[in-house]
Amino acid sequence: MVALGGRPEPVAADEVALRARKAKVFGSLFRMPAVRRFDRYVVLDTLGQGGMGTVLKVYDEQLDRAVAIKLLRRERSEGEVDRLRREAQALAKLSHPHVVQVYEVGRAEGQTFIAMELVKGQTLAQWAQQEPRPSWRKAVEVYRQAGAGLAAAHAKGIVHRDFKPGNAVIDDQGRVRVLDFGLARQSHDRTIESGDEIPTAKEITTADPRSSLTPSGTVLGTPGYMPPEQMHGHEVGAHSDQFSFCVALWEAVYAERPFVGRSLRALIGAIESGAIRPAPRGTAVSSKLRAVLLRGLAADPQQRWPSMEALLTALQSLVAPRGRRFIGLGLFGGLVAVGAGLGVSSVLDRIDRCTGARAQLVGIWDDARRQEVEDAIVGTKLGYAPDVWERAVQPALDDYADAWVAQHEDACEATSVRHEQSAEVMDRRMACLYRAKRALSAAVGVLARADAGVVANAHEVTGGLRPLSRCADVEALAAEVEPPLPAQTLAVDGVREILARAKAERDAGRYAGARAMVEDAKQRLAEVEYGPVHTEAFLEEGEVLHQQGHYVASHQALRQALGQALRWRQWDEVQRAASAMMFVVGVRQERAPDGLRYRELAMELAVDGSEAEVESSNNLARILRVQGRYEDAEREHRRALALHDELPRPDLPRGARLRGDLANVLTAQGRYAEAEQEHRRALAILHEALGASHPNVAISRNDLAAVLMAQGKQQEAEQELRRALVRLDRALGPDNALVASAHSNLANVLHAQGRYQEAEQESRRALETRHKVLEPGHPQVAVSRSNLALALMGQGKVEQAEQELRRAIVLWDETLGPEHPHVSTARNNLATILVEQRRYHEAEQVHRRVLASREKTLGSDHPYVAASRSNLAEVLLELGRADQARPLAENAWHRHRRGDVPIEGRASTAFVLARALWTDRAQRHRARELAQLARDGFAEHGQGSEDDLAQVEQWLDEHHVDSPRSRTTNHEVTQQARRVTGSP
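Next up on the list: the overall build of the chain. In terms of regular secondary structure, the chain is built from 42 helices and 9 strands. In the chain, which comprises 984 residues, the share counted as buried stands at 54%. Of the contacts formed within the chain by residues at least 6 apart in sequence, a portion of 64% connects residues at least 24 apart. Looking at the chain as shown, the accessible area adds up to about 42900 Å², and 50% of this sits on carbon and sulfur atoms.

Right under this line is the structure:
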């Protein structure tokens, strides 16, 4: 095997087989006697030679597809190679249906190569020569596709510099793609002198996409299509591509170029004097099209169209059919007077100028792009992918695009037709819509490259699009900061483009890619003085770091964003940063007081009835829940849910999340039946919005399992959890915090069923994962240690269990505070371990502390408070203090008789009260009745209650009314039961 240009070696048997297989697949035969290879690419054919080197058709073994490679000549200098590599890397970030995709820039065997999309078709130069020639309307439609590719490149700061019919290809399906963004520059580029003869269209020279990389005085490009500023060697930009585009389209519709000149000097003179050829005799080309092109061909770049998008909008208005409403209006005008007819015509002209919005979405969200996204999502072969496309993606993007078009037309008509607003207001609305379009383009770009992770988060991508209502809020738009100075506009737009793509990547769950883009944006900002865009970068950085679980670093970035936003009076960004810090600090880090410091900024700056108000209200509720203030949290959750349901376009998955949050706080209050109802409603909403197989449905099942478990429905909870885990593992991978939570919940369910070894395995798995993905000392690590302690205790590993519990308590004390419900639960479990070790006095002190804390934070009627009273009563019985135990047990039994307490909890409390009553001879009949209720309860619960059932049955055997044996002490009963059950 050899690199290109070397001596061939004998063909190995496996290479012959490879050649045969690839020849069958791609219809190409390898040249004998050797299979030619370049890096991981196997050469199928040579497509041609150019100024830059050889163009090859190759097979990419890694990605199993045919691609094209441009192999640069060896004699290029290192400086040229570096420039080409940087340009190609910039193009590799541009994914657009009307631009040939660059896949890779590499170096092998001493040669630099560029791998790119292999397109089969003909150039636009060849297409225009067909007989009969395409109509002017067809030419406009075809060139609009090429223009959309150029506009997409301009949005990323890339300039073609050599657009011409030979640098755009149309395939058999009619799809146009632009190629050779400055990648074909010859190593012998030189200044074209004013007397040089102009090359023909077939002679290929090249262009450099960034003026900063072009040596002063060097003219690059094909002069026949070159704007005058490029001929003079001056700085070029997007307006220069516009000129070349108009020359090419003029040539397509008139069969000749607009300017005559055999030398560079003559051509420049024709352009600068405006000496444009007259239309050929008999031409059917619209005069309006000629007017559009003439503006794009202006010698002064400032006199051309404001942007390529504006030019495309003008072209769209020429080929798009007029709406029915215009026909009716025209007929009405014709029935009046000539003057009235002229007035209507003037209005029609103004309205017509406001109907090109849909054209601006060409290449962003049109039929071709829609098909591309559908193919990408469904092509993942995920079971839930078709549901995601049909329920969450297509309708959301179609609606968003329709709303964008309507807003665009309204903004234009309000100024140009209805005269309701000033031109300045229209400019602000259009700038807002431009930002929304940029976000839409970024979102579609991510979805068009969907993998399993993107499909799982596709609803977040569409739901994360900029609210278009903002673009109609004139007051809010007027309060925005001033735009950057013209000298920095291009750099700022480039950074904002990167940040828009970073947000789309983050919404899709591609956090590593999003973070890399943020780092790229920050590097580009080193030379940008415009403060507001720095705020935007810090905000996106904070959000990405939060999603990656780096909560401390996220807080630092968000604080910088807040400071910048306050300095520049960016009130929307102030609100976003404050709301994000409420959640990152108050909830994720569980530092509730610190999180509440940002409450006023977040809540006061949120616009009434906005998504920001919903999110801020829900974040406040989450902090209140962290504090154990469950009633306040419930009230705020219900407010957030009501605000969401009143939004003009409520997002179903987000509404389900809000309902799940409400259910969780109801669970914390012991209102299990209500919580289960809310979880099932959330599950039904997600099922409808995303499909049964979506991982978010699995997360909802995990939450439902927690409340089922609290009600003692252990087998049903286990079933839900195992269904959820299968989906979560498949969608998120094993090293994920949500997967760890599901394993932790499963451990609890297994423990409740007495399956302690399985519970230990699940607890250790959750602990290991949380150590990997969370920061040291995170409260969720303490959750895993507490659950592990329970599993160890169930196996009689008392000392190990005590050690894990004490570590959990120390961690929680430091992060949550001693009164937090989590700490109370851990202390309660510690007291149980102390009882197992017969350290009753220590256990009493711990139980009293837990009871006091729970009464303070949960209220006297909470089931956990009743459980603490029952536990303390049991310890007092062991200490022979039945008189003190009795009122505690009575109180606990009164609460536990309700149906919202698990059956084993009711049985345990009934038995404690039975033992406490036995010392009062007048209460012995009731004591036996309670013990029998306890026996029936443990028997009904079944698995996991065998030891408790044996203890109750022995007690009943030994305690009969008026029986001499009934005088045994509670302590003796306990010891006898332990001997029967084998307890230590």
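A few words on the pattern of salt bridges. Taken as a whole, this structure holds 57 salt bridges when the rule is applied. One salt bridge connects R496 with E536, and the closest N-O pair in it is separated by 2.9 Å. Here R496 is found in helix α18 (residues 486-507), whereas its partner E536 is found in helix α20 (residues 531-547), with 40 residues between them in sequence. Overall, R496 belongs to the buried group, its relative accessible area being 16%.

With that out of the way, let us pick up the nonpolar core. F163, F245, L289 and L315 are the most contacted members of the largest nonpolar core, which totals 66 residues. For this core, the element with the most residues is helix α4 (residues 136-155), which contributes 11 residues. Setting aside residues no more than four positions away along its own chain, L315 makes contact with V140, R144, F245, L249, L289 and V292. If you look at the next biggest cluster of nonpolar residues, it comprises 64 residues, including M581, V584, Y672 and A759.

Let us look at unusual backbone geometry. Cis peptide bonds are those with omega within 30 degrees of zero, and the linkage from E131 to P132 qualifies with -5°. Note on placement: P132 falls in the loop between α3 (124-128) and α4. Although it is not a glycine, R161 sits at a positive phi angle of roughly 75°. Note that R161 resides in the loop between α4 and β8 (168-171). Overall, R161 belongs to the buried group, its relative accessible area being 7%. You will see that R838, though not glycine, has its phi angle at about 60°, which is positive. Counting through the fold element by element, R838 comes out in the loop between α35 (821-836) and α36 (840-858). The class for R838 is partly exposed, based on a relative accessible area of 44%.

This paragraph deals with the pairing of strand β6 (residues 111-116). A large share of β6 lies buried, amounting to 6 of its 6 residues. Note that strand β4 (residues 65-72) and β6 share 4 bridges and pair antiparallel. Note that in β6 the partner of K70 across the bridge is I114. As defined by bridge partners, strand β5 (residues 102-108) adjoins β6 across 6 bridges and the pair is classed as antiparallel. Residue pairing across strands places A108 opposite Q111, the latter belonging to β6.

Under the criterion given, the structure shown has 7 aromatic pairs. Each ring, one from W918 and one from W955, has its centre 5.4 Å from the other, and the planes form 80°; the classification is edge-to-face. One end of the pair, W918, is in the loop between α39 (903-917) and α40 (924-941); the other, W955, is in helix α41 (residues 946-958), with 37 residues separating them in the sequence. Judged by relative accessible area, W918 falls into the buried class, the value being 4%. Residue classification places W955 among the buried positions, given a relative accessible area of 1%. Aromatic rings pair up to connect Y143, F163 and F245 into one cluster.

What follows deals with helix α21 (residues 551-568). Every α-helix winds through 3.6 residues per turn, so residues three or four apart in the chain are directed the same way. Relative to the 26 Å expected for 18 residues at 1.5 Å per residue, α21 spans 26 Å between its end C-alpha atoms, a close match to the ideal helical length. For α21, the full list of buried residues reads Y551, S554, H555, A557, L558, A561, L562, Q564 and A565. Where α21 is buried, its residues touch α20, α22 (571-588) and α24 (599-605).

Packed helices, taken two at a time, are described by the angle between their axes plus the distance between the axes. At a minimum axis distance of 8 Å, the contact between α39 and α40 shows a crossing angle of 155°. As the angle between them shows, α39 and α40 are arranged roughly antiparallel. Considering how the two elements wind past one another, α39 and α40 form a crossing that is left-handed. Contacts from I903, E904, A907, S908, A910, F911, L913, A914 and L917 of α39 reach α40 at R926, A927, L930, A931, A934, G937, F938, E940 and H941. Within the contact of α39 with α40, the residues separate by chemical class into 12 nonpolar, 3 polar and 3 charged.

Okay, the packing of α22 against helix α25 (residues 611-626) next. As a packed pair, α22 and α25 sit with axes 9 Å apart at the nearest point and diverge in direction by 20°. Looking at the two axes, α22 sits roughly parallel to α25. In this structure, α22 crosses over α25, and the sense of that crossing is left-handed. Of α25, the residues touching α22 (which contributes Q575, S579, M582, F583, G586 and V587) are A612, E615, S616, N619, L620, R622, I623 and V626. Looking at the contact of α22 with α25, its residues break down into 7 nonpolar, 5 polar and 2 charged.

The rules behind each value
- Residues numbered from 1 in each chain as written.
- Predicted model: local features only at pLDDT ≥ 70, side-chain atom pairs only at ≥ 80, totals over all residues.
- Heavy atoms only, no water.
- Helix = DSSP H or I, 4+ residues; strand = E, 2+ residues; numbered from the N terminus.
- Buried < 20%, exposed > 50% of the residue type's maximum accessible area, 1.4 Å probe, protein only.
- Contact = heavy atoms within 4.5 Å.
- Areas by Shrake-Rupley, 256 points an atom, 1.4 Å probe, with all protein chains shown as cover.
- Salt bridge = Lys/Arg side-chain N within 4 Å of Asp/Glu carboxyl O.
- Core = buried A, V, L, I, M, F, W, Y, C linked by side-chain atoms within 4.5 Å.
- Pairing = 2+ DSSP bridges.
- Phe/Tyr/Trp six-rings, centres within 6.5 Å; stacked < 30°, edge-to-face > 60°.
- Expected span 1.5 Å × (residues − 1).
- Axes fitted to C-alpha atoms, helices over the stretch in contact; angles between N-to-C directions.
- Parallel < 35°, antiparallel > 145°, perpendicular 65-115°, else oblique.
- Left-handed = near helix turned anticlockwise from the far one by under 90°.
- Nonpolar A, V, L, I, M, F, W, Y, C, P; charged D, E, K, R; others polar.

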